[in-house]
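Structure at a glance
In case you want the letters, here they are:
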Amino acid sequence: MKPLANTDLIKTPLILKITAFTLISITFFYLGKHWSNGGYQQLLFFSTPQNSISISPNNDRPFNITPLVSLNQSDQPLTDQATTISPPPDESPLPDPNRTSGIIDSDGKMSDDFEAGEFDPDIAENWGNGSEIESGSKDIRFRAERYELCPVSMREYIPCLDNVKAIQRLKSTEKGERFERHCPEKGNELNCLVPPPKGYRPPIPWPQSRDEVWYSNVPHSRLVEDKGGQNWISKAKDKFTFPGGGTQFIHGADKYLDQISEMVPDIAFGRHTRVVLDVGCGVASFGAYLLSRNVMTMSIAPKDVHENQIQFALERGVPAMVAAFATHRLPYPSQAFELIHCSRCRINWTRDDGILLLEVNRMLRAGGYFAWAAQPVYKHEQVLEEQWEEMLNLTTRLCWELVKKEGYIAIWRKPLNNSCYLSRDTGAKPHLCDSDDDPDNVWYVDLKACISRLPENGYGANVSMWPSRLHTPPDRLQSIQYESFIARKELLKAENKFWSETIAGYVRAWHWKKFKLRNVMDMKAGFGGFAAALIEQEFDCWVLNVVPVSGSNTLPVLYDRGLLGVMHDWCEPFDTYPRTYDLLHAAGLFSVERKRCNMSTIMLEMDRMLRPGGRAYIRDSLDVMDELQQIARVMGWEATVRDTSEGPHASYRILTCDKRLLRP
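An unreviewed UniProt entry lists the protein chain under the name Methyltransferase, from Populus alba x Populus x berolinensis.

As a further point, take the overall build of the protein chain. If you tally the helices and strands in the protein chain, you get 17 helices and 23 strands. Taken across its 664 residues, the protein chain has 56% of its residues classed as buried. Accessible surface, the protein chain: about 29,800 Å² in total, of which carbon and sulfur atoms supply 52%.

With that settled, the discussion passes to the sheet that holds strand 17 (residues 542-548). Reading across from one edge, 18-17-16-19-20-22-21 is the order of the seven strands in this open sheet, with mixed pairing throughout. What marks the edges here is a single partner per strand, and that holds for strand 18 (564-568) and strand 21 (638-643). With direction set aside, neighbouring strand axes in the sheet form an average angle of 20°. Here three bridges tie strand 16 (residues 519-522) to strand 19 (residues 581-587), and the two strands are oriented parallel to one another. Bridging across to strand 19, aspartate 522 finds its partner in histidine 585.

According to the stated counting rule, one finds 27 aromatic pairs in the structure shown. Ring centres of tryptophan 372 and tryptophan 412 lie 6.4 Å apart, and the angle between their planes is 40°; on these two criteria the pair is classed as tilted. One end of the pair, tryptophan 372, is in strand 13 (residues 364-373); the other, tryptophan 412, is in strand 15 (residues 409-413), with 40 residues separating them in the sequence. The exposure class of tryptophan 412 is buried, given its relative accessible area of 1%. An aromatic cluster of at least three residues, connected via ring pairs, comprises Phe325, Trp349, Phe370, Trp372, Trp388, Trp400 and Trp412.

This next bit is on the nonpolar core. In terms of nonpolar packing, the biggest core is built from 150 residues, with Tyr332, Trp349, Phe370 and Trp512 touching the most fellow members. Formed by nine residues, the second largest nonpolar core is a distinct cluster that contains Leu223, Ile233, Phe240 and Phe242.

For strand 12 (residues 337-343), the tally of buried residues reaches seven of seven residues, placing the bulk of the element in the interior. Of the strand pairs in this sheet, strand 9 (residues 275-279) and strand 12 are connected by four bridges, and their pairing is parallel. Paired with valine 279 across the bridge in strand 12 is cysteine 342. Relative to strand 13, strand 12 runs parallel, the two sharing six bridges.

About the criteria used
Residues numbered from 1 in each chain as written. Predicted model: local features only at pLDDT ≥ 70, side-chain atom pairs only at ≥ 80, totals over all residues. Heavy atoms only, no water. Helix = DSSP H or I, 4+ residues; strand = E, 2+ residues; numbered from the N terminus. Buried < 20%, exposed > 50% of the residue type's maximum accessible area, 1.4 Å probe, protein only. Areas by Shrake-Rupley, 256 points an atom, 1.4 Å probe, with all protein chains shown as cover. Pairing = 2+ DSSP bridges. Axes fitted to C-alpha atoms, helices over the stretch in contact; angles between N-to-C directions. Phe/Tyr/Trp six-rings, centres within 6.5 Å; stacked < 30°, edge-to-face > 60°. Core = buried A, V, L, I, M, F, W, Y, C linked by side-chain atoms within 4.5 Å.

Have a look at this one:
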């Protein structure tokens, strides 16, 4: 048989079939790869038990949602200020949240070296005051009205405290009424984006920020002029520095705290004493140095002539709120604080039958301490000695025990129960509050010149030592008005477990450990499970837990667990300066509050409170997600809707937002 030539071999039917099949396979492979990359979303895989998230290899690639954009939606109103934008599909790709945009590197992977607060061209944006915002996608083109920047004069605007017209209409201001909340009337709410000061920089990270902050972020020098000799604050080149002193402790807060500990060892900072209120806090050095002793201090001061005290405190990374002792109860529950401190806080505690000290008594835990560092304690002048005698008389009638007086500090202790109050002479003043008075009812409630009764069952008096109290269901869990009347301990434990697993998932999937968060707000805190999970994960941050007035008042439980909390109505602005939080967390907030107020109003308030480079995590139902994402975009936020750990068919989504630095 004659052997086949090479050309004959190639022409055989078998070889031709193999070659054709190979060519067809390669063609379909490339067509399929191109089709899948360009036309379909990427897949996310979830492991529910640990709330872990596994990201598809195709995750970081862009996708075309042009066919999903409905052209007839472009003229539908979104809010008073913005028009509706067609949303992306429910199941979004999951880029690394430490970036603020969807840019990928040359390998098609998201870079993971972004650190929150570092401004780069992707975060800073020339916003101006144009009327429209346009999609940055090449595949989608839409236009929508966007929120304008407020005037530069509003860069430190606090709506309910800067309402000049309302303050001018007050009949009297002698009791400090001008320092209380006077919110804009309906129709006059904030409707623009509060701009940063010129030269705004990323905040100095904690713990360095305890001792220094950028001058350009809080450009006010009056405190340096007024308090420079008292070791509060000084200015060096482009920074403010905080030596740690105060009016009554010019040699430093640490030595001052040591003195208090030696005077009353039972105070036991970080064990028995976990939550403290510092009244008239200055720049909050007292609270700043207590943090190293495992103590959370709510530092409060009014927005008065000592301008920007609270803004300095929050810029430093210390818990603080603008608040004043005037005519209304403060937004904290009864028996909240183990120690209440006043160092030259310039408050006349004995005025009006001691009504202001009675408010201290309401908030002070049974067996808790009041520390007063002031001139009447130690100066031998007739007027000051008379003030000291008035204070002694009032505290005696309050059944407080003067535990120790040393140097310029006096420390009293509140009784553990009502027995002393009940044993006083008939008609003694201040009298006990009526039995139907709720000492935890605090939202716009007038001060009362009466002694708040302690619970007869001892609730609130016996909390566990820190840190065990964080996970120990407190007695007062049973006394709050809550939807469930049984199994409340199980509800608290379930919430703890849910947030513990959820935050662990955030840490793994979204690299939260690389996010330098310090000031955190949980806008609908429940029992405080979110804050407890951050402590469990050893984040070096603090959380202000907000309990909305529209829900159950869980504030007593939060404080019994050793957490900070405040009551608030989210239909109104919050009492803090602009740009004071790194992270805002809202779970289930908007689906509830939209029945009472406009969601865009809450979102604009979130923008006011959030620092450029900061983040908002909103977990809520599907029916609010589209509108929230659209509002976020017209505010200039980078916003992405993501699936929860339950997968793409769950009834909830997570909206993750990054706030840009908007330049005029």
